[in-house]
Amino acid sequence: MRTVFAGADSDYRNARYVISGVPFDATSRLRKGSSAAPHEIRKNSYNFETYSHLFDIDLLDIDIHDAGDLEVAQTVDETLSLISFHARKYVDGGKIPVMLGGEHSITLPFVQACKNKYPELGFIVFDAHLDMRKEYQGEMNSHACVLRHVFENVTKKFVFIGTRSGTREEYEFVRENGIKMFSSEEVLSAGIEAAVAEIREYLACPIYLSIDMDVMDPAYASAVGTPQPYGLMPRDVRDVISCFAPYFVGFDLVEITPSYDSGGTALLGAKLVMDFIAASARASQVPAQPF
Ligand code: MN
Ligand code: MN
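As the structure is a prediction and not an experimental result, all values here were calculated from the model.

Our next topic: the coordination of the manganese ion (ligand 2). For the manganese ion (ligand 2), the full set of protein donor atoms is Asp127 (OD), His129 (ND1), Asp212 (OD), Asp214 (OD) and Asp214 (OD), and the range of their distances to it is 2.0 to 2.6 Å. Positions of the donor residues of the manganese ion (ligand 2), expressed as sequence spacing, correspond to D-x1-H-x82-D-x1-D. Between the manganese ion (ligand 2) and the manganese ion (ligand 1), a spacing of 3.2 Å is present, and a bridge between the two is formed by Asp127. Here Asp212 lies in strand β9 (residues 207-212) and Asp127 lies in the loop between β6 (122-126) and α4 (146-154), a separation of 85 residues in the sequence. For the pair Asp127 and Asp212, one class covers both residues: buried.

Attention now goes to the sheet that holds strand β1 (residues 17-22). Strand order in the open sheet formed by eight strands is β4-β1-β5-β10-β9-β6-β7-β8, and the pairing between neighbours is parallel. Edge strands, defined here as strands with exactly one partner in the open sheet, are β4 (64-69) and β8 (180-183). This sheet shows a mean twist of 15° between the axes of neighbouring strands, independent of strand direction. Examined bridge by bridge, β6 and β9 share five bridges and lie parallel to one another. The residue bridging Phe126 from the neighbouring strand is Ile211, located in β9. Against the sheet, helix α1 (residues 37-44) contacts β1, β4, β5 (96-101) and β10 (248-254), and its axis sits at roughly 110° relative to β5. Packed on one face of the sheet, helix α9 (residues 264-285) meets β1, β4, β5, β9 and β10 and runs near 175° to β10.

Given 3.6 residues per turn, any residue in an α-helix points the same way as the ones three and four places further on. Among the residues making up helix α7 (residues 192-202), those that are buried are Ile192, Ala195, Val196 and Ile199. All buried residues of α7 lie within an arc of 100° about the axis, which places them on one face of the element. For α7, the exposed residues lying more than 90 degrees away from the buried face are Glu193 and Glu201.

Applying the stated rule across the entire model yields eight salt bridges. With its nearest N and O atoms 3.5 Å apart, the salt bridge here joins Glu120 to Lys157. On the criterion of sequence distance, the pair formed by Glu120 in the loop between α3 (107-117) and β6 and Lys157 in the loop between α4 and β7 (158-163) is long-range, its members being 37 residues apart. What makes Lys157 partly exposed here is its relative accessible area of 25%. Salt bridges sharing partners connect three or more residues here, namely Arg2, Arg42, Asp66 and Asp69.

Here the focus is unusual backbone geometry. Gly101 connects to Gly102 through a cis peptide bond whose omega is 15°. For Gly102, the location among the structural elements is in the loop between β5 and α3. Even without being a glycine, Asp131 presents a positive backbone phi close to 50°. Considering the arrangement of structural elements, one finds Asp131 in the loop between β6 and α4.

Rules behind the numbers
- Residues numbered from 1 in each chain as written.
- Chains lettered and ligands numbered in written order.
- Predicted model: local features only at pLDDT ≥ 70, side-chain atom pairs only at ≥ 80, totals over all residues.
- Heavy atoms only, no water.
- Donors = N, O, S within 2.8 Å, 3.2 Å for Na, K, Ca; no water.
- Helix = DSSP H or I, 4+ residues; strand = E, 2+ residues; numbered from the N terminus.
- Buried < 20%, exposed > 50% of the residue type's maximum accessible area, 1.4 Å probe, protein only.
- Pairing = 2+ DSSP bridges.
- Axes fitted to C-alpha atoms, helices over the stretch in contact; angles between N-to-C directions.
- Contact = heavy atoms within 4.5 Å.
- Arc of directions from axis to C-beta.
- Salt bridge = Lys/Arg side-chain N within 4 Å of Asp/Glu carboxyl O.

Structure (structure tokens):
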């Protein structure tokens, strides 16, 4: 029997949030295995109460549908086109997609689907890495290139949070294009509130949120495809979820590699997914909508 995410008991038609897993990790090199993450995240979601005291809402009272795992192919290009069909269907149908990766490359079709529906779309990404390479190991659609595609082909309203790793060329690209970035060092020294205040001015529009779990310090989430020390604390990420909840139109959480997990990474991933849905649903109950 397939495991659905905790509290995701709505049928597709009535759902506001549609959870889908994408068990794909073919371009991962260092640590493979993120294809097992959707299942682990779902399993771990049962560790928690469905009631969130922080957002004062119960997942059981929110219309959430778990569509299961989407079909993937051997190659990244084929997989992207398969997923694209579902992403468009969810977003055009007025749903908020909640995608469980898999590796980071699969973010692209979901952001694209949101951009088609919301022309003013902004993009916030938590990632230790820039993922701004033109190509990586002969692959243009590698996880290491995904954010370049988002910036060049989808939206220029782009914000990095928690970054701390990239090539010289990637950093030059970010500088030359004036891309907004709050490195992990800046977040650790100035606090996440400083970043939130600045982003508030910059992105008063529908926002897609992508969380590459390697943004966390490995102390909190060591089971990721490419771990990187000196990272963020879980609360930094949750605070951004909480502050921008009214604006979110799409979400993903990627790059967990369960075979390296002693239990904490998929657990934290599940909690972040729940917090995203709870925060977003709570915000939608507040009458004044920003757009
Ligand atoms: Mn990434
Ligand atoms: Mn990363």
